[in-house]
Amino acid sequence: MTATERQLAMVMDLNKCIGCQTCTIACKRLWTQDEGMESMWWNTVNTQPGRGTPRDWEELGGGFRDGAANPGRIPTRKEFGQAGDYNHQEVLFEGKGNGAHLQVKGDRPDWGPNWDEDQGDGEFPNSYYFYLPRICNHCTHPACLEACPRKAIEKSSANGIVTVNEDRCRGYRFCMEACPYKKIYFNEARRVAQKCIFCFPRIEQGIANACARQCPGRVRFVGYRDDQDAPIYKLVDKWKVALPLHPEYGTQPNVFYVPPIGPMRFDENWDLDPTKPRIPNEYLESLFGPEVHGALAVLRAEMEKTRSGGESELIDLLIAYKWSEMFGGFDRDPATFGQK
Amino acid sequence: MLASYLPDTDLEVLLDPDASAWRAGASETLPLTGTPLGMQPTAAIRASWIDRRIGAVDEVRVAALHNGQGLAFRLEWEDASENNDLDDNTSFPDAAAIALPANEDSPIIVMGKPGAAVNAWHWRADAPSQAREISAEGLGTTAPVPGSGIRAHGVWKDGRWRVVIGRELESAGGPMAAQLRPGTQTGFGVAIWEGSNQERAGIKAFSGDWQILSIEATGGAGGGRK
């Protein structure tokens, strides 16, 4: 593998994600509509705390432990959640009126993307949840690439995007065992592994990823890690408020998250209690590692600064006043795709 | 092992594992062993197979026939489970392959080396009437042989697979493919993948170092016999 000269990255601000799944659908419509891709969701958004997509993916192994490959398991189709076959014909075209309602034909699924939506955790009135969008992390140390015996997975030296070369892939699925984020799918019709491609055909034309561009919440920043004038560098390296998910997996993700502050907690008298966060710090640490405490402290301090009338570069960045500035220069209109 | 010469027998006929020609011919049983863990090409594969048995199939019965133009191998082995689909992400098909040296220096254990390819005739149970001809110049480097006329047919019945794989003796695939001639000897090897054991890629049972195959001469009976 040649060294990566530059690395594209994404930052997702979890304080702004409303779980609307517009990113999920933008990706689905663009990339995973062909045969064999029915159950693929290269982009998922799950409610946290929760078991996730695929179910209990954090328990399935993979990645690296103490620098050595850590064995993992391939998620089954049921664990990912299979696409339902609905009775649209019966409900819409057979004149049954209220006598028929929309339902899955055959076996009812027992899991699917964001199955535990809004379940969350905690005790009323301090229950809590937040959304966690996930794509392929386009890791600096990709476990999938290292696991493949056919060198079918490539990491671009120009931009660090990790892709499956379907001409070399023979569907052995060692990558699905090795990816600790369980973000690789098996296409049984084409007999190859498939996954998020970071919208590289758009990126090559200066157009941000569909999931980022379509996000109504201005959650996602895109750009090169080393572009010091752009938001990614400022959020990850300068302000250190954007962190990788499960850094202990050892793959060095290039998707980073601004951890959620969450709403204020109530005390037993129903007064606001600023002494403790509603989302337990330990839980956030279990997702984002020990750096999360520093990140949350910076976020709180900068928020406080603006509340008291001060200025904050960080808060202005996160508000994203000019959404076109979120994309590190990849701000071309997608409607111009393919035009000179 | 001898690949007997059967003139006037169409290769298409031999693709039926129950063809009478196969009943008449000689066959031999090759013991198989699992590929060594240390030879698996990636650390992730080694880590995940360290405590698992590699090579679930112990032995394979092999026979070979040729008609002067084409050569066919018949493989038969015990397999209680027919794994022929990709019903789930964790389903892997049974598979078999014949390895042949493209060059007299081709090392079978490491699947060839640069300039000395190992040619493989590969069959998989999820497409039981197809085969794929590939060549490798080292582990993990297999690539399709262009213009291959390879054919196969496999049948699972009563706990046994019976598979025939064959192609023209002279391949259009050039130096990456084994070029075979009646009246000569070549090496060969067999590999079997057991789908129910999630065997695929280098995780397989194989017949070890090159076995000897004598391709009977067309001039007179037994001309190529060693």
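Trainee: Teacher, can you tell me more about the nonpolar core here?
Mentor: One broad rule of soluble globular proteins: the nonpolar side chains tend to lie buried together. Ranked by internal contacts, the top residues of the largest apolar core, which has 84 residues, are A:M10, A:V11, A:L235 and A:F288. Per-element tally for this core: the top contributor is strand 1 (residues 8-13) of chain A, with five residues. Not counting residues within four places of it along the chain, the set of residues in contact with A:V11 comprises A:V219, A:R220, A:F221, A:I232, A:L235, A:V236, A:A242, A:F256 and A:V258. Formed by 32 residues, the second largest nonpolar core is a distinct cluster that contains B:M1, B:V60, B:L100 and B:L180.

Trainee: What should I look at first to understand the packing of aromatic side chains in this one?
Mentor: Geometrically, a pair of aromatic rings is defined through the distance of the ring centres and the angle of the planes. Applying the stated rule across the entire model yields 17 aromatic pairs over all chains. Three or more aromatic residues link up through ring pairs in this structure, and these residues are A:W57, A:Y181 and A:Y249. Geometry around A:W111 places A:R51 over its ring, the cationic atom sitting 5.3 Å from the centre. One residue, B:R52, lies across the ring of B:W49, its end atom 3.8 Å from the ring centre.

Trainee: Would you explain the pairing of strand 2 (residues 44-48) of chain A in this entry?
Mentor: The buried fraction of strand 2 of chain A is high, at five of five residues. Here strand 2 of chain A shows a buried face lined by A:T44, A:N46 and A:Q48 and a second buried face lined by A:V45 and A:T47.

Trainee: What exactly am I supposed to notice about the interface of chain A and chain B here?
Mentor: The accessible area lost on association of the parts is a frequent measure of interface size. Each side of the interface is counted separately: chain A has 25 residues, and chain B has 28 residues. Both faces combined, the contact of chain A with chain B buries some 2,200 Å², and carbon together with sulfur accounts for 50% of it. Applying the counting rule to chain A against chain B returns two salt bridges. Residue B:R200 is joined to A:E177 by a salt bridge in which the shortest nitrogen-to-oxygen separation is 2.9 Å. Inspection of the region where chain A meets chain B yields 14 residue pairs in polar contact (both at pLDDT 80 or more). Listed by contribution, the elements that provide at least two residues to the side of chain A that touches chain B are helix 2 (77-80), helix 4 (143-147) and helix 5 (174-178) of chain A. Element by element, the count of residues in the side of chain A that touches chain B is highest for helix 5 of chain A, at four residues.

Trainee: Can you walk me through the environment of B:W77 in this structure?
Mentor: Residues and elements named next belong to chain B. Position of W77 relative to the elements: it lies in strand 5 (residues 70-78). By relative accessible area, which is 1% here, W77 ends up buried. Along the primary structure W77 and D209 are separated by 132 residues, whereas in three dimensions their C-alpha atoms are 20 Å apart. If we skip the residues at most four places from it in the chain, W77 touches V57, E59, V60, A95, A96, W123, G159, R160, W161, V163 and I192.

Trainee: What's the story with unusual backbone geometry in this structure? I'm lost.
Mentor: Glycine aside, negative phi is the norm for most residues, and most peptide bonds take the trans geometry. Residues and elements named next belong to chain A. At the junction of Q48 and P49, the peptide bond is cis and its omega measures out at -10° in the coordinates. The topology assignment puts P49 in the loop between strand 2 and strand 3 (64-65). In this model, T53 is joined to P54 through a cis peptide bond whose omega is -10°. Along the chain, P54 turns up in the loop between strand 2 and strand 3. Not every positive phi belongs to a glycine, and F198 is a case in point at roughly 55°. By relative accessible area, which is 2% here, F198 ends up buried.

Criteria and thresholds
- Residues numbered from 1 in each chain as written.
- Chains lettered and ligands numbered in written order.
- Predicted model: local features only at pLDDT ≥ 70, side-chain atom pairs only at ≥ 80, totals over all residues.
- Heavy atoms only, no water.
- Core = buried A, V, L, I, M, F, W, Y, C linked by side-chain atoms within 4.5 Å.
- Buried < 20%, exposed > 50% of the residue type's maximum accessible area, 1.4 Å probe, protein only.
- Helix = DSSP H or I, 4+ residues; strand = E, 2+ residues; numbered from the N terminus.
- Contact = heavy atoms within 4.5 Å.
- Phe/Tyr/Trp six-rings, centres within 6.5 Å; stacked < 30°, edge-to-face > 60°.
- Lys NZ or Arg CZ within 6 Å of the ring centre and 35° of its normal.
- Buried area = accessible area lost by both parts, 1.4 Å probe.
- Salt bridge = Lys/Arg side-chain N within 4 Å of Asp/Glu carboxyl O.
- Polar contact = N/O pair within 3.5 Å; in protein donor to acceptor, adjacent residues only side chain to side chain.

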